[in-house]
Amino acid sequence: MAETGDPLVFARRGRVRGPSARSNSWWARAWVRSFEETVLEASDLITARALARAGRLGAVMVISGMASAVLDPGSPTAVIAQVRVRRLDGPAWSAFDAELAREAGHLAALESGELPADLVEHADDAGVEIVPGPGDVDTACECDSWAQPCLHALALLYQLAWLMDSNPYVLLLLRGRTREQLQDPAAVLPAEADEAAARAATILALAQDAPTGHGLADTAVAAYDDEVSRLL
Amino acid sequence: MSFVPLQGTATLVLADPPRDSEIEFTGPQRSVRLPMRGAIPVLTRAMRATDAHASVTLLSSATMLAMKYVAAGRLHRSADGDAWQVGPLAVEDDDRVRSLATSRAHGEVDAQAAEAIIRSILDAVADTMTRQPARRVEPGDVPSTSPTLGSGDRPSLADRLAGRAAQRADDALPAEIYLSLRIEAPEELLEAGTLSIVAQVHELDVATHVVDASELWLTEPSGTGGHGFSRKARVGASVAMRRAAQAWPVLDRLLRRQVPDRLVLDPDELADLLEQGLEALGAIGIEVYWPRGLRQELVPQAQVEAKATGARDEALMTGLFGPDALFEFDWKLALGPDPLTDAEMKQLADATTPVIRLRDNWMVIDPALARRARAAIGKRRALQPAAALRAALTGEIELDGRMIQVHAGATLEKARERIVDASTVSPLAAPLGLDATLRDYQRQGLTWLAELTGIGLGACLADDMGLGKTITVIALHLHRRDRGLAAGPTLVVCPASLLGNWEREVQRFAPGVATRRFHGTERDLDDLQDGFVFTTYGTMRVDHASLAGVGWDLVVADEAQHVKNATSSTARNLRLIGSRCRVALTGTPVENNLTELWAILDWATPGLLGSRNAFRKVWAAPIESGADPTVARKFAQLVEPFLLRRRKSDPGIAPELPPKTETDQLVGLTREQVVLYETLVRESMERIVSADEDARRGLVLALLTGLKQICNHPAHYLRQPNGRIKGRSEKIDLLDELLGTILSEDGSVLLFTQYVAMARLLERHLATAGVPTLFLHGGTPIPARERMVDAFQAGQAPVFLLSLKAGGTGLNLTRADHVIHVDRWWNPAVEDQATDRAYRIGQTRPVQVHRLVTEGTIEQRIGELLARKRGLADAVLGAGEVALTELSDAELHDLVALGSARLRPDRVRRAHG
């Protein structure tokens, strides 16, 4: 499924203070709640926020269902932290698309950097939870810490909150949809075509090395035909 | 899989749906017929078989191509919705299919047949590769806007596929839009006092490509009935609507709709649109289009009339504008030229919605206008006579800070006509007791004065010196007595040097009329009955109290430019002397200075031009800046009736003068002049554009002066008093030619230039040619001046060079029958004054005036400007060069840029006689 779309890349931020290092939107605050609840050591939250505010995270790359950043890029102790978010499935997105289309203003609000609360509420009613719950977020990091999430991943989680504050598409991409796909659901490559494409690609690969015999008592030919047939 | 022969022909057997197609392979012993699912493995490996039949190779390569398309996700639903197909195919894809067909054509399968087979294989493989059959989508099923989830994945999938396919084709359509709003007003909504507002989108830069915004949601981009915008335009439209809703929040309801098509505005919302929405939307560039007729403008129209109107007959117009007169005005809204009736005004004032029905037309009225109508009903305001007069003459009156149209009542309109026509009605007979024959224009002047003073207004007679202003006033004095209008003596205030002249003229032309000088130490006004009293400005200033104690009928201010400074004690005290009417006389063109004009007219007809500050703001500043030519026109309308100026040169005024011919002599620039000119323009414009306001003015004047000098002669501009003269300026060549002709006919000529330096160049040039000249300039002492004038009049030198800023008023040079203006004055009055040195009483021969004008230069352009504006300039203008400093950079550039020689205007511009 080619739902990753264009990655969103956010340049490294310097040291920040004040409002830009706080989450003001309701969705960014909800995002923060979703992972803060799972952290055992309250002091880790403070340390991780300080890490992020100090500007120690490098550029943040967000792709469908995943975000990553390097801590202290360029230094010998640089580590890559990753955040993985459970992507919503096709039916869920269809339901969300339907809610999005219910009011012409929703798309315009997204374009203006706002995630309309009633859009998300209606989606919730239809069983689609845009803001991930505690179980929907997973983290990984190159560091040795066995705390889950580690400080680096926590810092990335905070930074993501600040990023999505002004750009709700960050949240939606983490849940599996690009801006283009949301604006035009028809642009989503359908599952059938995607799947057919995968089988066709395999067949093309097999055909590269197809046996040249005529099939008469030729086991290689029989095996090839069998294998291709299974892909049809 | 059993053996499938590849060496024999293979044939595609099509079926519907394509996935059910079959392929028949023929071999030497037997044939094998395989469904697509069975044939695909065979065909994908047949490519590598070296001995496959050409028909097999064709099918095989077609299958591989199909597989590549499928692998690339190039799938879409067929037009009938029943099958999957490869595609959509772009031009390069078609090329690929065709070149494959050409290379695989064989035997009786030509390229065309091969192409058909390839396309069939593409479809058959595509449909086979997607395991689920496509499902037909019912018409009207629009999943992308469907709010329900229940319709399931399948149809939505099919549509999404279709949409994806279509999207590729629609990518070329425009995506950039801008938003506008359209008002729709069907009868049933109007009845309810409401309207609907529809969002519409325009293609950026192609305003005529416009569709309702809802089309972006409801119809397809391309094809019949398609909206012709990219699918991306929908996002742009939503964002634009969100911006619109931020400007005018009522539109928020539009965004709440699934398809933002239209809103019905209730009366309150409509009022809000009119009061705030339109402006707020306009501020962010969103236009609102109204149906024709719905926004017909109701224009406030004032009615001004004398109080207690009706039965006033003509005789009672006497003193209509006198100090006791009262006017009043009210206003109504007018639709077109017709004011609303009282009932209509009331209907408008009582309306609870902006939508009202007036004269069988639905209209939408601004609530502010309705409120003003409510406030206006039944209210009349008093108006000063001068203000009523101003309103009648300009057709406008100020109401709540805005100018509105005036409809004059019957009495006022009649008065207006009399005032406007006063200078052209058939002239009165000369009054009894006048011992002189008035010339026609003097009778006309008398009539004009009599009309204006007759209805209590003042006037300013500004005829040229020598046309008989004094005798006209004496005639007016007698006329008022003939008609029984006068009640009291006439006071003349004049410079001391004219006291004797006045006294002599009254005694000569109106013998028997009492005269008295109120001047000197032995002055008194005792036993004053009637007749003339003469006093000087000086005496008047110190003894205005005595003068103010007399009930004057008429006060005349001769040489009224003495009171041009309204703040001087002379002017202030003159205002304190009351009379039934006032006449100002002046021989100098007062119109050249608006403030002086104000001072004189405000004395003659107080209040006409408003207070000095109001006058500056309303008239002088806009006229001097030249920004709005209609202001100058209106001002002329206002002052013209009170200002009569005849010139000696006007037809029929001084018939004893021979004809005068004025000719513009056009010359070109030499190469040297062109280079100098263009360089100066370029360099100056660069500096002017970046200069601040003060520096700019100086730079512009320097530029204009420099250009005029270049047009004259390079040596003039380059300050080379001893530089070579011949061959550097066509003006010199032409001058030589003209002088040759004039001198051979024993003529005499006045040679005017503004510049002493230029005059010296000409003097040197003529001396070289052996032509005797006289040279007079501003620095010439009076005795030398008089000697030169005498010498010229005596014919001692045929050429008189003059360089005088004011044209040398007072000089009498009637010996000359030619006048040559080497350069242009930018004030036509000054130029005329110069010409009049020769063309004046005493001249016996026709006078020819030659103006040397360089083509395509600023000289010619200013000349055109003056010729066009001469009429206007006569009434109010004359600021000259200084006015040019107020031009914008672009206008200035147009003025000074060197143009190619254009069509020559008629060389003979004006002729008299």
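Residues numbered from 1 in each chain as written. Chains lettered and ligands numbered in written order. Predicted model: local features only at pLDDT ≥ 70, side-chain atom pairs only at ≥ 80, totals over all residues. Heavy atoms only, no water.

Some points on the overall build of chain A
Point 1. Along the backbone of chain A there are 10 helices and five strands.
Point 2. With 232 residues in all, chain A has 54% of them scored as buried.
Point 3. For chain A, long-range pairs separated by at least 24 residues make up 72% of all intrachain contacts whose partners lie at least 6 apart in sequence.
Point 4. Carbon and sulfur atoms make up 52% of the accessible area of chain A, which totals about 10000 Å². (Helix = DSSP H or I, 4+ residues; strand = E, 2+ residues; numbered from the N terminus. Buried < 20%, exposed > 50% of the residue type's maximum accessible area, 1.4 Å probe, protein only. Contact = heavy atoms within 4.5 Å. Areas by Shrake-Rupley, 256 points an atom, 1.4 Å probe, with all protein chains shown as cover.)

Quick look at the overall build of chain B
Point 1. A count of helical and extended segments in chain B gives 33 helices and 32 strands.
Point 2. Burial analysis of chain B (913 residues in total) assigns 52% to the buried set.
Point 3. Of the contacts made within chain B by residues no fewer than 6 positions apart, 69% connect residues no fewer than 24 positions apart.
Point 4. Surface summary for chain B: the accessible area is close to 40300 Å², and the carbon and sulfur share equals 51%.

Comments concerning the packing of aromatic side chains
Point 1. Across all of its chains, the model carries nine aromatic pairs over all chains by this definition.
Point 2. With a centroid separation of 5.2 Å and an interplanar angle of 85 degrees, the aromatic rings of A:Phe35 and A:Tyr158 are classed as edge-to-face. In this pair, A:Phe35 is assigned in helix H1 (residues 26–36) and A:Tyr158 in helix H6 (residues 151–166), connecting sequence segments 123 residues apart.
Point 3. Note on A:Phe35: relative accessible area 3%, which makes it buried.
Point 4. Of the residues examined, A:Tyr158 reaches a relative accessible area of 2% and is grouped as buried.
Point 5. With a centroid separation of 5.8 Å and 10 degrees between ring planes, the pair formed by B:Phe532 and B:Phe534 is classed as stacked.
Point 6. The exposure class of B:Phe532 is buried, given its relative accessible area of 1%.
Point 7. Three or more aromatic residues link up through ring pairs in this structure, and these residues are A:Trp31, A:Phe35 and A:Tyr158. (Phe/Tyr/Trp six-rings, centres within 6.5 Å; stacked < 30°, edge-to-face > 60°.)

A few points about the sheet that holds strand E24 (residues 579–585) of chain B
Residues and elements named next belong to chain B.
Point 1. One open sheet holds the seven strands; their spatial order is E21-E22-E20-E23-E24-E19-E25, and the pairing between them is parallel. Of all strands in the sheet, those bounded by a partner on one side alone are strand E21 (515–518) and strand E25 (643–644).
Point 2. Looking at chain direction, strand E20 (residues 490–494) and strand E22 (residues 532–536) are connected through five bridges and run parallel. Within the sheet, the bridge partner assigned to Val493 lies in E22 and is Thr535.
Point 3. Set on the sheet, helix H16 (residues 469–482) makes contact with strand E19 (459–461), E20, E22, strand E23 (552–557) and E24; between it and E24 the angle comes to about 165 degrees.
Point 4. Contacts from helix H21 (residues 594–604) reach E19, E23, E24 and E25, with the element oriented near 155 degrees to E24. (Pairing = 2+ DSSP bridges. Axes fitted to C-alpha atoms, helices over the stretch in contact; angles between N-to-C directions.)

A look at the confidence of the model for chain A
Point 1. Looking at chain A, pLDDT values average 84 and 90% of them are 70 or higher.
Point 2. This stretch, residues 1–5 of chain A, has a pLDDT under 50; its non-local contacts, to residues over four places away or in other chains, come to 16 contacts. (pLDDT = per-residue confidence, 0-100.)

Here's the deal with the pattern of salt bridges
Point 1. Applying the stated criterion across every chain, the model contains 51 salt bridges over all chains.
Point 2. When salt bridges with common partners are traced through the structure, they connect B:Asp94, B:Asp95, B:Arg98, B:Glu115 and B:Arg119 into a single cluster. (Salt bridge = Lys/Arg side-chain N within 4 Å of Asp/Glu carboxyl O.)

Observations regarding the packing of helix H25 (residues 693–712) of chain B against helix H33 (residues 889–896) of chain B
How two helices pack is summed up by the angle between their axes together with the distance between the axes.
Residue and element names in this part refer to chain B.
Point 1. Interaxial distance between H25 and H33 falls to 12 Å at its minimum, and their mutual angle equals 10 degrees. Taken as axis vectors, H25 and H33 run roughly parallel relative to one another. Two secondary-structure elements touch here, H25 through Arg696, Val700, Leu703, Leu704 and Leu707 and H33 through Asp889, Leu892 and Val896.
Point 2. Split by residue class, the contact of H25 with H33 holds six nonpolar, no polar and two charged. (Parallel < 35°, antiparallel > 145°, perpendicular 65-115°, else oblique. Nonpolar A, V, L, I, M, F, W, Y, C, P; charged D, E, K, R; others polar.)

Comments concerning the side chain of B:Ser230
Point 1. Its location among the elements puts B:Ser230 in the loop between helix H7 (213–218) and helix H8 (233–247).
Point 2. Looking at B:Ser230, its side chain comes within polar contact range of the main-chain nitrogen of B:Lys232, at 3.0 Å. (Polar contact = N/O pair within 3.5 Å; in protein donor to acceptor, adjacent residues only side chain to side chain.)

Some points on the sheet that holds strand E4 (residues 79–85) of chain A
All names here are of chain A.
Point 1. Spatially, the five strands line up as an open sheet ordered E1-E2-E3-E4-E5, and their pairing is antiparallel. For this open sheet the edge positions go to strand E1 (8–10) and strand E5 (137–141), each flanked by a neighbour on one side alone. The average angle at which neighbouring strand axes cross in this sheet is 15 degrees, direction not considered.
Point 2. The pairing of strand E2 (residues 57–63) with strand E3 (residues 66–71) spans five bridges and is classified as antiparallel. For Val60, the partnering residue across the bridge sits in E3 and is Ala69.

Considering a negative patch on the surface
Point 1. Taken together, the side chains of A:Glu121, A:Asp124, A:Asp125 and A:Glu129 make up a negatively charged region of the molecular surface.
Point 2. By the element assignment, A:Asp124 lies in helix H5 (residues 117–125). (Patch = residues over 30% accessible without salt bridge, like charges linked within 9 Å, V, L, I, M, F, W, Y side chains within 5 Å. Lys, Arg positive; Asp, Glu negative; His and termini not counted. Charge placed at Lys NZ, Arg CZ, Asp CG, Glu CD.)

Some thoughts on the environment of B:Phe792
All names here are of chain B.
Point 1. Relative to the assigned elements, Phe792 resides in helix H29 (residues 782–793).
Point 2. Distance in space between the C-alpha atoms of Phe792 and Leu750 is 9.8 Å, their sequence separation being 42 residues.
Point 3. In contact with Phe792, other than residues within four places in its own chain, are Ser748, Val749, Leu750, Leu774, Ala797, Pro798, Val799, Phe800, Leu813, Arg815 and Ala816.

So, unusual backbone geometry
Most of the time, phi is negative for any residue but glycine, and the peptide bond is trans.
Point 1. For the bond from A:Gln148 to A:Pro149, the omega torsion is -5 degrees, close enough to zero to count as cis.
Point 2. Tracing the chain through its elements places A:Pro149 in the loop between E5 and H6.
Point 3. Even without a glycine there, the phi angle at B:Asp360 is positive, about 65 degrees.
Point 4. Secondary-structure assignment places B:Asp360 in the loop between strand E14 (355–358) and strand E15 (361–364).
Point 5. With a phi angle near 60 degrees, B:Asp746 is a residue other than glycine that sits in the positive phi range.
Point 6. Tracing the backbone through its elements, the reader meets B:Asp746 in the loop between helix H27 (730–744) and strand E27 (749–752).

Thoughts on H27(B)
For the α-helix, the turn length of 3.6 residues means that residues three or four positions removed from each other point alike.
All names here are of chain B.
Point 1. Helix length check: H27, at 15 residues, gives a terminal C-alpha distance of 21 Å against a target of 21 Å (1.5 Å per residue), a fit within 8%.
Point 2. Two or three places before Lys731, at the start of H27, stands the capping residue Ser729, its side-chain oxygen 3.2 Å from that residue's backbone nitrogen.
Point 3. Downstream of H27 by a residue or two, Asp746 has a phi angle that is positive, lying close to 60 degrees. (Expected span 1.5 Å × (residues − 1).)

Overview of the pairing of strand E30 (residues 818–821) of chain B
Residues and elements named next belong to chain B.
Point 1. Where burial is concerned, the two faces of E30 agree: the one with His818 and Ile820 and the one with Val819 and His821 are both buried.
Point 2. Judged from the four bridges that link them, E27 and E30 form a sheet pairing that is parallel. Looking at the pairing, Val749 lines up with His818 of E30.
Point 3. Inspection of the sheet shows E30 paired to strand E31 (residues 847–854) by four bridges, in the parallel sense. For Ile820, the partnering residue across the bridge sits in E31 and is His850.

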